[in-house]
Amino acid sequence: MPAYVTVQLEITDADTFAEYRKVGGPAVAKHGGKPLSAGNASLLYNAGVGMMPSVLLEFPDAKAARAWLEDPDLSDAHALRNKGAKATVTLLEA
C-alpha cells in the first residue's frame, strides 16, 4: 500500500539548498519514491503557521519511506538538506 511523505521547508540558505536539489531526487528514487507535487502551497486554511515550500512524495510503502530517511548512504544528502533548510518530514500511513 503506498505511503505518502510531506516535506515542509523553510529555506535558510538558498545556495546550499540548490545543491541539495541536485541530489534530493535521486535519493528519493533510490527507495522507490517519487515526487507528486512540489512548490509553494495554495492556502486553504491558516492557523498562524504560515506558508512555506512543500513537497509531497509517494513511496511504495511505509517501510520504503523510512528506509529513505534512515539510509546511511544518503546521510550526506540529508545533511545538505538540513544545512540549507529547516525541514519537517511527515509520514502519512494508510
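Preceding block: the structure.
All of these numbers come straight from a predicted model, not from anything done at the bench. (Residues numbered from 1 in each chain as written. Predicted model: local features only at pLDDT ≥ 70, side-chain atom pairs only at ≥ 80, totals over all residues. Heavy atoms only, no water.)

Chemist: Outline the nonpolar core, supporting the account with residue identities and numerical values.
Modeler: With 15 residues, the main nonpolar core has Val5, Val7, Leu57, Phe59 and Trp68 as its most contacted residues. If you list the elements that add at least two residues to this core, you get strand E1 (3-11), helix H1 (14-29), strand E3 (53-59) and helix H2 (62-70). Element by element, the count of residues in this core is highest for H1, at four residues. (Core = buried A, V, L, I, M, F, W, Y, C linked by side-chain atoms within 4.5 Å. Buried < 20%, exposed > 50% of the residue type's maximum accessible area, 1.4 Å probe, protein only. Helix = DSSP H or I, 4+ residues; strand = E, 2+ residues; numbered from the N terminus.)

Chemist: Before we move on, could you go through the side chain of Asp71 and cite the residues and values that matter?
Modeler: Inspection of the secondary structure puts Asp71 in the loop between H2 and helix H3 (75-84). Within polar-contact distance, the side chain of Asp71 engages the side chain of Lys30 at 2.8 Å. Separated by 2.7 Å, the side chain of Asp71 and the backbone nitrogen of Asp73 make a polar contact. Those residues in contact with Asp71 that lie beyond four places of it in its chain are Lys30 and His31. (Polar contact = N/O pair within 3.5 Å; in protein donor to acceptor, adjacent residues only side chain to side chain. Contact = heavy atoms within 4.5 Å.)

Chemist: Which residues make up the pattern of salt bridges, and what are the values?
Modeler: A side chain of one charge can pair with a side chain of the opposite charge if their charged atoms are brought near each other. Across all of its chains, the model carries five salt bridges by this definition. One salt bridge connects Glu19 with Lys22, and the closest N-O pair in it is separated by 3.1 Å. Highlighted residues: Glu19 and Lys22, both in helix H1, separated by three residues, approximately one helical turn. Measuring nitrogen to oxygen at the nearest pair gives 3.4 Å for the salt bridge that ties Lys34 to Glu58. Of this pair, Lys34 sits in strand E2 (residues 34-40) while Glu58 is found in strand E3, placing the two residues 24 residues apart along the sequence. Taking the relative accessible area as the measure of exposure, Glu58 reaches 16% and is therefore buried. (Salt bridge = Lys/Arg side-chain N within 4 Å of Asp/Glu carboxyl O.)

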